[in-house]
Amino acid sequence: MNTIQMVDLKRQYQNIQTEIDAAIKEVMDSAAFINGPVVKEFTDKLAAYTKAKHVIPCANGTDALQIALMALDLQPGDEVITPSFTFIATVEVVALLGLTPVFVDVDPDTFTVNIESVQQAITPKTKVIIPVHLYGQCSNMEPIMELAQANNIAVIEDNAQSIGGHYVGLDGMHKTGTMGTISSISFFPSKNLGAYGDGGVIMTNSDELASKMLKICNHGSEKRYYHEIVGVNSRLDSIQAAVLKVKLKYLDQYCDKRRAVAAFYNRVLGNHPHLRTPFEPAYSHHVYHQYTLILEGIDRDAVHEALAKRGVPTMIYYPVPCHQQEMFKNLQDRSYDLPHTEYLVSKVLSLPIHTELTEEEMTFITTQLLEVIDEVKQKYYI
Ligand SMILES: Cc1ncc(COP(=O)(O)O)c(C=O)c1O
C-alpha cells in the first residue's frame, strides 16, 4: 500500500502526465510565459463551465479577494462581515486594505456562515459580506443575497475551496462562485482544481466591475504605461493556465471521486458515538475539498497524534479562529461571542481525501481511526 497522504498530487499527475507534459511543452516552445494565449483559453473554458460572465485571471486566491475588495470603492473603516471559522486569507486582505473585519459565527453542521449572525452584525458601515464555501460546502446563498440586497451590501463569495460545487436555489442550480457580486477562486495545488504552483481567478457578472478588476490586476492600467487607478501586479502565468486547462476537463470526475470517498467514510463512520460525519443540506452539492469530522466526547488532539503514529495523517482546519489570531489583537476589544466557531476549533479533524485514494487505503484509514478512538478512550477511562 502507498504511504497515506492528505493529498497525493504525485499520483494524480502520473495519471494525466502525457497531457500535462504536452501542455507545458507547448508553453515552453512558444515562450509566451506571461499572458500567453492559453491563459484566455483557460479562463474562457472556466467561464463556460461555471456560466460566469467574466473570469479574470490573477496570481492566487488571496490576491483574488484583495482585488475584489479594491474594486468596490470602499473607505477605511468600512465594515466587512466574514466568518471567523475560515483560513486567514479571507480576512487578512480586509485588514490590509484598512477595512474593519467583523467576525460572525458559522452553523455547526454546515461549517458555513450563520445567517442570523450575519443579520445581527449588519450596521450602517457594513459594505461587504464574504461568505466562505468551506471544505467544499456551498454557503446558503439565497438568504445571504436577500440580506445583502435589502441593505445595499456587496457579496464576495470566497470560493477558494469549493470549485465544482453548486447551490440549488428556488430558481435552479448555480455553480459556486456565480451568485455573489464577485467571487474568488484559488488554484493552490491541493485545491479541487489545483495548479502546479500558485494561481487564482476572480469572477463576476458585472461588466463594470470586471473591467475595473482587470485594470487593478495590471497596475491599474488598460493602456500600457498609462495608469488610471492604483493596482497591483497579479497574473496567472501561462504554464499554470496550461496545467489548469487540462485539469478542468477532469474537475467533475475529481469531485465525483471526492464524493465517493466521503460516502465510503460516511458508511463506515456514521452512527459512531464519538464521530459526527459531514452534513449536506439539500441546497448544497458538496465537493469535499476536505472531509471533516467533529469528534465529540473524546480528546481530538490525542486522536490526531495517535493516528499520525500509525501512518494516518489528519489535519485540523483551523486550530485558532480568526477573531482570536494575534494579528487581530487590536480588534479584540470588540467582544465576540462565537460559540459554534469556538467549539469547532477544538473538535474538527479532517481525514485524507484526494482523487487517487483506493478502497484499501480508505479501509486502512477508517480501521486505524476506529482503533485509535478505542485506545484513547481506554487511556482516559481506565
Ligand atoms: C478559504 C480560503 N480563502 C482564501 C485562500 C487563499 O488562496 P491562495 O492560497 O491561493 O492565496 C485559501 C487558500 O488556502 C482558502 O482556503
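Before reading on, note that the structure itself is shown above.
Keep in mind that what you see is a predicted model, and the values were worked out from it rather than measured.

*Asks:* An account of the overall build of the chain is requested, with residue identities and associated values reported.
*Replies:* Secondary structure assignment for the chain yields 13 helices and 13 strands. Relative to its length of 382 residues, the chain is compact, with a C-alpha radius of gyration of 21 Å against a globular reference of 21 Å. Principal-axis analysis of the C-alpha atoms places the extent of the chain at approximately 75 × 55 × 40 Å. Burial statistics for the chain: of 382 residues in total, 56% are counted as buried. Sequence separation of 24 or more characterises 74% of the internal contacts of the chain that already satisfy a separation of 6 or more. Carbon and sulfur atoms make up 52% of the accessible area of the chain, which totals about 16,800 Å². Across the chain, the centroid of the 32 positively charged side chains sits 4 Å from that of the 45 negatively charged ones.

*Asks:* Now, about the sheet that holds strand 10 (residues 275–276): what can you tell me, with residues and values included?
*Replies:* With respect to topology, three strands assemble into an open sheet ordered 10-12-13, the strand pairing being antiparallel. Edge strands, defined here as strands with exactly one partner in the open sheet, are strand 10 and strand 13 (348–351). Bridge analysis of strand 10 against strand 12 (residues 291–295) gives two bridges, and the strand direction is antiparallel. Considered in strand 12, the bridge of arginine 276 is made with isoleucine 294. Relative to the sheet, helix 10 (residues 251–269) contacts strand 10, strand 12 and strand 13, its axis offset from that of strand 12 by approximately 20 degrees. Here helix 11 (residues 300–309) sits on the sheet and contacts strand 12 and strand 13; the angle it forms with strand 13, its principal contact strand, is near 25 degrees.

*Asks:* Describe the nonpolar core, listing the residues and the values that go with them.
*Replies:* Counting residues in hydrophobic clusters, the biggest one holds 31 residues, and the most contacted among them are Phe42, Leu46, Phe187, Leu193 and Val201. Elements that contribute at least two residues to this core include exactly helix 2 (17–30), helix 3 (37–50), strand 9 (200–204), helix 9 (238–248) and helix 10. By size, the runner-up hydrophobic cluster in this structure holds 28 residues, among which are Val261, Ala262, Leu293 and Leu357.

*Asks:* Give a description of the site of the ligand that names residues and reports values.
*Replies:* Within the structure, the ligand sits among 14 residues, and Gly61, Thr62, Asp158, Ser186 and Lys191 are positioned closest to it. Between the ligand and the protein, one listed contact pairs an oxygen atom with a side-chain N or O atom of asparagine 60 at 3.4 Å. A distance of 2.8 Å separates a nitrogen atom of the ligand from a polar side-chain atom of aspartate 158. In the complex, 91% of the free accessible area of the ligand, which totals 390 Å², lies under the protein chains. Secondary-structure elements contributing two or more residues to the shell around the ligand are helix 4 (61–70) and helix 5 (89–96). Examining the composition of the shell around the ligand, we find that three residues originate from one element, helix 4, more than from any other. Grouping the amino acids of the shell around the ligand by side-chain chemistry returns five nonpolar, seven polar and two charged.

*Asks:* Could you give me a rundown of the pattern of salt bridges, with the residues and numbers involved?
*Replies:* A full pass over the atoms with the stated rule returns 17 salt bridges. For the salt bridge of lysine 212 with aspartate 73, the shortest nitrogen-to-oxygen distance reads 2.7 Å. Separated by 139 residues along the polypeptide, lysine 212 in helix 8 (residues 207–217) and aspartate 73 in the loop between helix 4 and strand 2 (79–83) bring together distant segments of the chain. The class of aspartate 73 is exposed, set by a relative accessible area of 58%. Close ionic contact of glutamate 280 with arginine 259 constitutes a salt bridge, the shortest N to O distance being 3.3 Å.

*Asks:* How would you summarise the packing of helix 2 against helix 9 if you had to cite specific residues and measurements?
*Replies:* It is the contact of helix 2 with helix 9, at a shortest axis distance of 9 Å, that shows an interaxial angle of 150 degrees. By the angle between their directions, the pair helix 2 and helix 9 is classed as roughly antiparallel. Helix-helix and strand crossings are classified by hand; for helix 2 and helix 9 the assignment is right-handed. Judged by residue contacts, Glu19, Ile20, Ala23, Ile24, Val27 and Met28 of helix 2 engage Ser238, Ile239, Ala242, Val243, Val246 and Lys247 from helix 9. Class assignment for the residues of the contact of helix 2 with helix 9 results in nine nonpolar, one polar and two charged.

Definitions and limits used
- Residues numbered from 1 in each chain as written.
- Predicted model: local features only at pLDDT ≥ 70, side-chain atom pairs only at ≥ 80, totals over all residues.
- Heavy atoms only, no water.
- Helix = DSSP H or I, 4+ residues; strand = E, 2+ residues; numbered from the N terminus.
- Rg over C-alpha atoms; globule rule 2.2 N^0.38 Å.
- Buried < 20%, exposed > 50% of the residue type's maximum accessible area, 1.4 Å probe, protein only.
- Contact = heavy atoms within 4.5 Å.
- Areas by Shrake-Rupley, 256 points an atom, 1.4 Å probe, with all protein chains shown as cover.
- Lys, Arg positive; Asp, Glu negative; His and termini not counted.
- Charge placed at Lys NZ, Arg CZ, Asp CG, Glu CD.
- Pairing = 2+ DSSP bridges.
- Axes fitted to C-alpha atoms, helices over the stretch in contact; angles between N-to-C directions.
- Core = buried A, V, L, I, M, F, W, Y, C linked by side-chain atoms within 4.5 Å.
- Near = heavy atom within 4 Å.
- Polar contact = N/O pair within 3.5 Å; in protein donor to acceptor, adjacent residues only side chain to side chain.
- Nonpolar A, V, L, I, M, F, W, Y, C, P; charged D, E, K, R; others polar.
- Salt bridge = Lys/Arg side-chain N within 4 Å of Asp/Glu carboxyl O.
- Parallel < 35°, antiparallel > 145°, perpendicular 65-115°, else oblique.
- Left-handed = near helix turned anticlockwise from the far one by under 90°.

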